[in-house]
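Examination of the molecular architecture
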Amino acid sequence: DEMNAGMEGDSDLQFLLQGGDLLKVLSPSWKKTRYFRLMEDCKTIWRESKRTFKDSQTFSLDDISSVRLGRQSEGLRKNTEDQVEGRCFSIMFKSRRKNLDLIASSEEEAKQWFNSLQKVLSNRNNLNIQQKTEHWISSCLRKADKNKDDKMTQSELKNFLRLINIKVDDDYAEMLFQKCDKSKSGHLSGEEIEHFYDLLTHREEIDVIYGAYAKTTGFMSSQNLVDFLKKEQREKATLADAHNIIQKHEPDENAKEKKLLSKDGFLIYMHYPETLVLKPDHREVYQDMSQPLNRYFISSSHNTYLMEDQLSGPSSTEAYVRALLKSCRCVELDVWDGSDNEPVIYHGYTLTSKILFRDAIKSIKEYAFKTSDYPVILSLENHCSVEQQEVMAHHLSSILGSALVTSPLGEGMPTDFPSPEELKGKFLIKGKRLNKLEASFAPEAAEADDADVTEEDESNNEDEDEQKEDEKRKKLKLAKELSGMVVYCKSVHFHSFEDARQNLSFYEMSSFKEQKALALAEESANSFIRHNVDKLSRIYPAGSRTDSSNYNPVPLWNAGCQLVALNFQTTCTDMDVNQGRFLVNGKSGYILKPAFLRDVDTEFDPITLTRGDWLKHKTLHVLVVSAQQLPKMNNKKFSFVDPLVKVQVYGVPADVAERQTVAVENNGFNPAWNESFQFDVYVPDLALVRFTIEDHDSTSGNEFIGQYTLPFNSLNMGYRQVPLLNKNGDVLSSAGLFVHIMVLDAE
């Protein structure tokens, strides 16, 4: 092994290669004989129990931080007597591994072990870097080589890759394995293994970037790394930052000691969360959460209980769990009279299955705050008799307890919403109320009796005109117990912005059908925006979307609508965009609206875009460089993925744009495009960017492979890895897209 060049025939090395028995000490009573020796590779220590032979373990010399002679370790001092002092020595490890406390049969032998180990260790530390680099791979390989035959089967190789944090798709592992297994023996050894690693990790584009900055004898010095971070990545970086990166990501101990970053270290670093396309500080809650609730966009779900379509599919408490775990903060409950005086949830007048109201509330309670601590709004669509409404009120208060808000937070009549911060861990009920909230503060406030209100029903037919609809609204008797639980979100019918301005209090809110809302957002956007400065608005999908399809939420966010409800169970672009909007701010489900959507006198209109402080014209430059390990679609053999990349901007109409690359034929493993696109973005505060990879197919239409959507203001600049999410919004673990992003002021 060239690793011990110059030590051939060395007596210390020979001693270690032969090995011997040592007493391993774990406690005063547990001292057992173990056989230790240095393996032929001259870098791994092997130890086995004489008795079982099964219990063999190895560790690398590189794992050792020091060897100490005598009873120097805590364990030896505690577990052995003074008289064995000279026969004792300990091996300390770099990782969290426990010290190895050992007793030799004589003082000479202890010294021999100590000196030999010291010598081999110091020899290893003097190796030149090149030898060492080959070697960190070999040392990992040994750990993965389960049966210690120096040959690696495909599954051993995959274990190896996991060890070094490199994920590989099964199909590609298979392909590369066949390529490297020149001898067709079903396993790789020696150089074939290094060849496999090189093929797997070789990235032309990373070589080029690394080469441009690695100015120190083929390595990146800390200063080179700082230059890269400042110039390319536009980060405020210091030498201390560079040292931290090298400390954390450099696999080669020798380079690490010299504060150098190898190409492998650079590659590993470029895959880390802090280097991704999403700004790291936007992953956490970074916005002011102490403003009134209606100043935020709030992640909202429609008919949350449905798992599939709106007509005959199953209802399930699981659907609530899934939506809440995706940080949805407003869920909907359609409640009807059930048997045995237990209200049920289902889509009325359809064949969707039923679940108990009680069970839904229990599931909601259990999962509401697992992803986000911020408040959850329960939007009740109540079709129940007074008796069963009383049961609803009972379940709400007994299951949710003190987490349910049943009266205003402060003293006296509130004049505005509390903030998400003040409402952490709380539930708000949105529903009908018998009277105004003010009434409960009037001195002569008589107990309101159960009374009639119009029933809220979102399943009406689409094309009926307003007047017929008003006549058709059924009267519903409302139980005062349930009515009293409605504090900040009282449902009322919308007549006009003028009417709302004059007659409605801040807590009185309306729900709008998608078409109605879109019409308002187009024809009277500024009035809608001002309405939403002090009221909440909820938007829901058209009744005609019986297949649970969705609509584009962006135009409604542009109009300041807070609760844009989507069918969370449906996988589609609209849902991707929704998850992209709420990806940031700690996935809290609340995003603070831009200042121009929170100002009573705002002149902002997303359609006409008159001048104002919302106009911050930026130019977005995107260079689509390459992708890695794209999953094959449709179980086609992977060699047939013909990937192309689409880059889309969502936002005000003037910012909406889409560009796409050419398709790369037959390469899902490492397709390269190097195509650049430029976009004008006028209102960055409302813009989102979506990257999509599709498998090109001219006959049957392209097939979706993966996507990632994020707010424009959360883009990290420079060379960035873009994670890819599948249709369900889960990360594709081994796949990725590599881009270069630059945002410049256009003015």
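Only a predicted model underlies this, so the values are computations on that prediction, with no experimental measurement involved.

Focus on the overall build of the protein chain
Check the secondary structure of the protein chain and you find 23 helices and 33 strands. Going through the 747 residues of the protein chain one by one, you find that 55% of them count as buried. Here the analysis covers contacts within the protein chain between residues at least 6 apart in sequence; of these, 67% occur between residues at least 24 apart. For the protein chain, the exposed surface amounts to about 32,300 Å²; the carbon and sulfur share of it is 48%.

Section: the side chain of Ser300
With respect to the secondary-structure elements, Ser300 resides in strand S13 (residues 300–301). Residue classification places Ser300 among the buried residues on the basis of a relative accessible area of 0%. Within the structure, Ser300 has its side chain in polar contact with the backbone oxygen of Ile298 (distance 2.8 Å). Those residues in contact with Ser300 that lie beyond four places of it in its chain are Cys328, Cys330, Leu563, Val564, Ala565, Leu566 and Phe568.

With respect to the nonpolar core
By size, the foremost hydrophobic cluster in this structure holds 101 residues, and its most contacted members are Leu333, Leu378, Leu396, Phe528, Leu620, Phe691 and Leu737. Tallying contributions element by element places helix H16 (residues 386–400) first for this core, with five residues. When residues no more than four places from it in sequence are discounted, the contact partners of Phe691 are Val622, Lys646, Val647, Gly706, Gln707, Tyr708, Leu710, Val722, Leu737, Val739 and Ile741. If you look at the next biggest cluster of nonpolar residues, it comprises 25 residues, including Leu229, Leu260, Leu267 and Met270.

Notes on the packing of aromatic side chains
This model, assessed by the stated rule, comprises 24 aromatic pairs. Between the aromatic rings of Trp557 and Phe582, the centroid separation amounts to 6.1 Å while the plane-to-plane angle is 80 degrees, which identifies the pairing as edge-to-face. Taken together, the residues span a long stretch of sequence, with Trp557 in helix H22 (residues 554–558) and Phe582 in the loop between helix H23 (573–581) and strand S25 (590–592) at a distance of 25 residues. The buried category is assigned to Trp557, whose relative accessible area is 1%. Using a relative accessible area of 2% as the deciding quantity, one classes Phe582 as buried. When the ring of Tyr719 is compared with that of Phe738, the centres are 5.9 Å apart and the planes differ by 15 degrees; the resulting orientation is stacked. Of this pair, Tyr719 sits in strand S32 (residues 718–722) while Phe738 sits in strand S33 (residues 736–745); the two residues are 19 residues apart in sequence, bridging distant segments of the chain. Members of the aromatic cluster, connected to one another through ring pairs, are Tyr210, Tyr213, Phe228 and Phe266. Residue placement shows Lys354 over the ring face of Tyr346; its charged tip is 4.5 Å from the ring centre.

Remarks on the UniProt feature "binding site: substrate" (unreviewed entry) in the protein chain
Under the present numbering, the feature "binding site: substrate" (unreviewed entry) in UniProt falls on Lys430, Lys432, Ser511 and Arg538. Over a stretch of 109 residues, the named residues converge on one spot in the fold, their C-alpha atoms separated by at most 14.4 Å. On the secondary structure map, Lys430 appears in strand S18 (residues 427–431). Among the polar contacts listed, one links the side chain of Lys430 to the side chain of Ser379, at a separation of 3.4 Å.

Side note on unusual backbone geometry
A positive phi angle, close to 40 degrees, is found at Asn303, a residue other than glycine. If you trace the backbone, Asn303 turns up in the loop between S13 and helix H14 (317–325). Backbone geometry at Gln629 places phi at a positive 45 degrees, although glycine is not the residue there. With respect to the secondary-structure elements, Gln629 resides in the loop between strand S26 (618–628) and strand S27 (643–650). In this structure Gln629 comes out as buried when scored by relative accessible area, which is 7%.

The rules behind these values
- Residues numbered from 1 in each chain as written.
- Predicted model: local features only at pLDDT ≥ 70, side-chain atom pairs only at ≥ 80, totals over all residues.
- Heavy atoms only, no water.
- Helix = DSSP H or I, 4+ residues; strand = E, 2+ residues; numbered from the N terminus.
- Buried < 20%, exposed > 50% of the residue type's maximum accessible area, 1.4 Å probe, protein only.
- Contact = heavy atoms within 4.5 Å.
- Areas by Shrake-Rupley, 256 points an atom, 1.4 Å probe, with all protein chains shown as cover.
- Polar contact = N/O pair within 3.5 Å; in protein donor to acceptor, adjacent residues only side chain to side chain.
- Core = buried A, V, L, I, M, F, W, Y, C linked by side-chain atoms within 4.5 Å.
- Phe/Tyr/Trp six-rings, centres within 6.5 Å; stacked < 30°, edge-to-face > 60°.
- Lys NZ or Arg CZ within 6 Å of the ring centre and 35° of its normal.
- UniProt positions renumbered as here; feature names shortened; annotations may be inferred.

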